[in-house]
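Examination of the molecular architecture
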Amino acid sequence: MLKYLKKYRMECICAPLFKMLEALFDLLVPLVVASIIDRGIGAGDAGHVWRMCGVLIALGVVGLAAAVTAQFFAAKAATGFAADVRHALFGRLAALSFPDVDRVGVSAMITRMTSDVNQAQTGVNMALRLLLRSPFVVLGAMVMAFTIDARCALIFAAVIVALSLVVWAIMAVNIPMMQGVQRQLEAVLGATRENLTGARVIRAFRREDAQFQAFRAKNRTLTARQRAAGRVSALLNPVTYVLINAAVIVLVRQGAIRVDAGALSTGAVVALYNYMSQILVELIKFAGLTVTINKGWASWKRVEDALALSPSILSPAAMAETPRPDAPAVEFRHVTLTYPGASSPSLEDVSFAVPRGGTVGIIGGTGSGKSSLARLIPRFYEATGGAVLLDGVDVKAWPQDALRGKVGLVMQKASLFKGTIRDNLLWGRADATDDELLAAAETAQAADVLAAKGGLDGEIAQNGGNLSGGQKQRLTIARALVRRPEILILDDSASALDMATDARLRRAIAALDYGPTVFIISQRAASIMNADLILVLDDGRVVGQGTHAELLERCPVYREIYESQFRREAAV
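Procedures and definitions
- Residues numbered from 1 in each chain as written.
- Predicted model: local features only at pLDDT ≥ 70, side-chain atom pairs only at ≥ 80, totals over all residues.
- Heavy atoms only, no water.
- 1 Å grid on protein atoms, 1.4 Å probe; cavity = no way out; pocket = protein on both sides within 12 Å on 5 of 7 lines; lining within 4 Å.
- Points joined across faces, edges and corners; volume = space filled by probe spheres on them.
- Nonpolar A, V, L, I, M, F, W, Y, C, P; charged D, E, K, R; others polar.
- Axes fitted to C-alpha atoms, helices over the stretch in contact; angles between N-to-C directions.
- Helix = DSSP H or I, 4+ residues; strand = E, 2+ residues; numbered from the N terminus.
- Parallel < 35°, antiparallel > 145°, perpendicular 65-115°, else oblique.
- Left-handed = near helix turned anticlockwise from the far one by under 90°.
- Contact = heavy atoms within 4.5 Å.
- Pairing = 2+ DSSP bridges.
- Expected span 1.5 Å × (residues − 1).
- Buried < 20%, exposed > 50% of the residue type's maximum accessible area, 1.4 Å probe, protein only.
- Polar contact = N/O pair within 3.5 Å; in protein donor to acceptor, adjacent residues only side chain to side chain.

Our next topic: empty space enclosed by the protein. Under the counting rule described, the total for this entry stands at two cavities of 30 Å³ or more. Approximately 60 Å³ is the volume attributed to the largest cavity. Contributing to the lining of the largest cavity are I313, L314, S315, P378, R379, W398, Q400, L403 and R404. Residue classes in the lining of the largest cavity are distributed as five nonpolar, two polar and two charged. Size it by volume and the second largest cavity reaches roughly 50 Å³.

Structural data, given as structure tokens:
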């Protein structure tokens, strides 16, 4: 935490300093009141009363100025701290590898970026304002009480020790409970996100009531945990009041005895009572501060855990080997992939080689490992066995920027961002011209999408909500083509296109002047039957590879897929 507060060193010093300056003026008030009672009212000196009232007003004005200044510095430090932490957290989470994102979870990331950082910000703000002020006033009031009467001041010492024990005990119980609240909040946010993204499916299957009940159960658990934590933290105020009021009763009785004996003046007893009241007010503030700091600290520990994450897949800063022009563009050597926590491999002993400019078709049933194979080429996941090579160099030896710069990947789920069509296409290459963007859209068969949406300046809603599935797929293909990648991977990215558009798309890609190596992953035999090499996957294994004609002859799995589709089409 200090790392992120270091930039705001001056604010972190000035905020508590001005707060303690305000507290110092507060500590002088009971002495002024005592002087008014003893020397002004008691002696009948009206001039002294007016002078001391002027001193009280001056102390109030100066104290207010100090408090406002302290608040300014505290707010500046807290908001700057939160902004820096949020920036660092976003950078850390964005740098995580795919397996790390799978492990942490999107909902957990969102909670840490929003709720946890906000709680930590509030904790920092309150701590800078009150963490030193309240103990300063409490100890200062006790010291001032000792200067007035040591015997009565012992009451102050006993109360402070008792209250310190109470606060420590409640914090020890409350902090773990607050952490549990934040974990349950993650579950509620996860359920909310899932229901919002799947709203159409929920309505289509009439699952509104079931999902509502499931959400209500999670929300009730969150509420129960919040109430339990709240009950514990709520003990602070009543316990504080009981102890302080008991101390006030003892103090007034002891003060009355001392006044009757002539050892104390009436003004001194009033000053002692005022100091006890100041302790009461500050301890109430400190009780609230303790609850806030508990929440902030619990949230900060979760943020800290996220900041401590590091990518499980690391890449070198520079090429360790020189790519070989004569090597295959992509080569898999006995590759096996087992996802973290999985009981069996998703890919097993996969071997093949693709020459530069070649076209590879990958087909197989659902869950056969097609997308897993595609994810290994840009090294989104690490092969757990064997090696994946690009231009004769293991992908582990490629710097990440260089590796991802060679690959244009269109994922199974089309993802676009809020903004214009131009903004989205420039993700492919930031310095691309409008002519290059239009050419890529033409190749991706997306010219009609641009025409319908008003050209490159047409607006795209969040996640492409104002586009059809086929329109989104064509724009994501155009985005990949803008990069002019050496390796183009189309991961079932034409599933929403009709057969004619799909065929035109494949012909346009085959005619590209820079001749990329193309991987087409599809459930349709028609989409990959003209590929130079077809890989047939079944349960993570390559059960056939070759041309369309060769596979029809010797691969039963491919023949079954082909015949089931073409016979069905012929029957229709």
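Now that the structure has been shown, we can carry on.
As a further point, take the packing of helix α2 (residues 9-41) against helix α6 (residues 133-148). For the pair α2 and α6, the least separation of the axes is 10 Å and the interaxial angle reads 30°. The pairing of α2 with α6 is recorded here as roughly parallel in orientation. Where α2 crosses over α6, the handedness of that crossing is right-handed. Where α2 approaches α6, its residues K19, M20, E22, A23, L24, D26, L27 and L31 are matched on the opposing element by R133, F136, V137, G140, A141, M144 and I148. Of the residues assigned to the contact of α2 with α6, the class counts are 10 nonpolar, one polar and four charged.

A few words on the sheet that holds strand β1 (residues 330-337). Hydrogen bonds between backbone atoms are what pair the strands of a sheet, whose relative direction is either parallel or antiparallel. Read from one edge of the open sheet, four strands run β2-β1-β4-β5, paired in antiparallel fashion. In this open sheet, the two edge strands, each paired with only one partner strand, are β2 (347-354) and β5 (393-394). Here five bridges tie β1 to strand β4 (residues 385-390), and the two strands are oriented antiparallel to one another. Paired with T336 across the strands is G385, a residue of β4.

Moving on, we get to helix α18 (residues 499-510). For α18, built from 12 residues, the straight-helix expectation of 16 Å at 1.5 Å per residue is met to within 8% by its first-to-last C-alpha distance of 17 Å. Along α18, the residues that are buried comprise T501, D502, A503, L505, R506 and I509. Contacts made by the buried residues of α18 are with α15 (434-443), α17 (469-482), β9 (487-491), β10 (517-521) and α19 (525-528). Of the residues that open α18, the one with a side-chain oxygen 3.1 Å from the backbone nitrogen of A500 is D498.

Now for the layout of surface pockets. Space inside the second largest pocket adds up to approximately 310 Å³. Residue lining of the second largest pocket: 14 residues in total, with M1, G123, V124, A127 and L131 positioned closest to the centre. Here the lining of the second largest pocket takes six residues from helix α5 (residues 106-131), the largest share from any one element. Taken together, the residues of the lining of the second largest pocket sort by class into 12 nonpolar, two polar and no charged.

So yeah, pure geometry; function would need other evidence.
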